[in-house]
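For reference, the chains in residue letters:
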Amino acid sequence: MKRRNSAGSLMVTLLIPVAIAINMVGGQMTSVLSLPIALDMIGVLLVGALAGTVPAVITAVLTNLLNGILDPSWIPYVICSFFIGLTIGLLAKCNMMNRIWKAAISGVLIALVATVTSTFVTVFFFGGISGGGSAMIIAGLLATGQQLVQSVFSVYIVTELVGKLISTFVAYFIVKAISDRTLIKFPYGSKYIVRKKS
C-alpha cells in the first residue's frame, strides 16, 4: 500500500508541471489572440480530476503566478484560480468527471465559480475593464447605460461558460485517453476505470 501511495505522489508531482505548461500555453494563446474566452485552466481541471483538490489548487495558483511574470494583470486572478482548483477537486471527489454528462454539469458549476470570482476581481482591481477580448463587450454594455457589475457579470457568464465547458471537455477526453495501467497510479484514477462485466 505504501508503494502505491508513493507511486501516486510521484505521478501527481510529475503531472503538475505538465499541467502548468498546458495552462500557460492556453493562457498565452488567449492573451495573444485577444479571445473573449479563457483556456488557461485545462491543466488545473486535469490535475483536479486525477489527483484532487490540493494538487489542483497548487497547479492553479502556480499557473497564475507564472503567467503574472509575463503579464502582471494575471496576478489578482489567482483568487479565481484558487476557487476553480478547489471546485474541480471537490467535483472529482464526488465522481462528477467520470461521465460526459457529469463533466458537462461540472463545467457549468466551474463556470459559475469562475464568473463570480472573475467579476469580483475585474470590478475591484481593474474598475471593470481588464483587457482581453471581453473588454470591448463590457465597454459596449457600459456605454448602453448598464451598471458596472451587471455589465461585467453579463459578459463573464457567457465567456466563462463557453471557456470552462471547452476546458472541462478537453480535460475529460484526456483522462479518457489515459490507459487503465496509468490511471490506477493517480489518487482518483480508479474513478475512471470502466469495470468489465464478467
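Our subject is the structure listed above.
Conventions adopted
Residues numbered from 1 in each chain as written. Predicted model: local features only at pLDDT ≥ 70, side-chain atom pairs only at ≥ 80, totals over all residues. Heavy atoms only, no water. Helix = DSSP H or I, 4+ residues; strand = E, 2+ residues; numbered from the N terminus. Rg over C-alpha atoms; globule rule 2.2 N^0.38 Å. Buried < 20%, exposed > 50% of the residue type's maximum accessible area, 1.4 Å probe, protein only. Areas by Shrake-Rupley, 256 points an atom, 1.4 Å probe, with all protein chains shown as cover. Lys, Arg positive; Asp, Glu negative; His and termini not counted. Charge placed at Lys NZ, Arg CZ, Asp CG, Glu CD. Core = buried A, V, L, I, M, F, W, Y, C linked by side-chain atoms within 4.5 Å. Axes fitted to C-alpha atoms, helices over the stretch in contact; angles between N-to-C directions. Parallel < 35°, antiparallel > 145°, perpendicular 65-115°, else oblique. Left-handed = near helix turned anticlockwise from the far one by under 90°. Contact = heavy atoms within 4.5 Å. Salt bridge = Lys/Arg side-chain N within 4 Å of Asp/Glu carboxyl O.

J.: A description of the overall build of the protein chain should follow, citing residues and the corresponding values.
T.: Check the secondary structure of the protein chain and you find eight helices and zero strands. Listed N to C, the secondary structure of the protein chain is α-α-α-α-α-α-α-α in terms of helices and strands. The C-alpha atoms of the protein chain give 17 Å as radius of gyration, which agrees with the globular expectation for 198 residues (16 Å, within 12%). Once the C-alpha set of the protein chain is aligned to its principal axes, its extents read approximately 65 × 35 × 25 Å. Counting all 198 residues of the protein chain, 44% fall into the buried class. Roughly 9900 Å² of accessible area belongs to the protein chain as shown, and the carbon and sulfur atoms make up 73% of that amount. If you average the places of the 14 positive and of the 4 negative side-chain charges in the protein chain, the two averages end up 22 Å apart.

J.: Outline the nonpolar core, supporting the account with residue identities and numerical values.
T.: The biggest cluster of nonpolar side chains holds 33 residues, and the ones touching the most others in it are Leu50, Ile88, Met97, Val175 and Tyr192. For this core, the secondary structure elements donating two or more residues are helix 1 (2–32), helix 2 (42–51), helix 3 (53–70), helix 4 (78–93), helix 5 (100–126) and helix 7 (148–177). With seven residues, the top contributor of residues to this core is helix 2. The next biggest cluster of nonpolar side chains, apart from the first, holds seven residues, and it includes Cys80, Ile138, Val155 and Tyr156.

J.: Hey, could you go over the packing of helix 4 against helix 5 for me, with residue numbers and the actual values?
T.: Contact pair helix 4 / helix 5: the axes reach a minimum separation of 9 Å and the direction vectors enclose 165°. Classified by the angle between their axes, helix 4 and helix 5 sit roughly antiparallel to one another. With respect to the hand of their crossing, helix 4 and helix 5 are arranged in right-handed fashion. Between helix 4 and helix 5, the contacting residues are Ile79, Cys80, Phe83, Ile84, Thr87, Ile88 and Leu91 on the first element and Ser106, Leu109, Ile110, Val113, Ala114, Thr117, Ser118, Val121 and Phe125 on the second.

J.: An account of the pattern of salt bridges is needed here, citing residue identities and associated values.
T.: Summed over all chains, the structure comprises one salt bridge. Note that Glu160 is salt-bridged to Lys164, the shortest N-O span being 2.7 Å. Taken together, the residues span about one helical turn, with Glu160 and Lys164 both in helix 7 at a distance of four residues.

J.: Which residues make up the environment of Ile157, and what values do they have?
T.: Within the element layout of this structure, Ile157 appears in helix 7. Owing to a relative accessible area of 28%, Ile157 belongs among the partly exposed residues under this scheme. C-alpha of Ile157 to C-alpha of Ala111: the two residues are 46 residues apart in sequence and 7.3 Å apart in space. Excluding residues that lie within four positions of it along the chain, Ile157 makes contacts with Leu112 and Thr115.

J.: Any chance you could break down the side chain of Thr119 for me, citing the residues and the numbers?
T.: Within the fold, Thr119 resides in helix 5. What makes Thr119 buried here is its relative accessible area of 7%.

J.: I'd love a proper account of unusual backbone geometry, names of residues and values included.
T.: Even without a glycine there, the phi angle at Asn95 is positive, about 60°. Residue placement: Asn95 occurs in the loop between helix 4 and helix 5.

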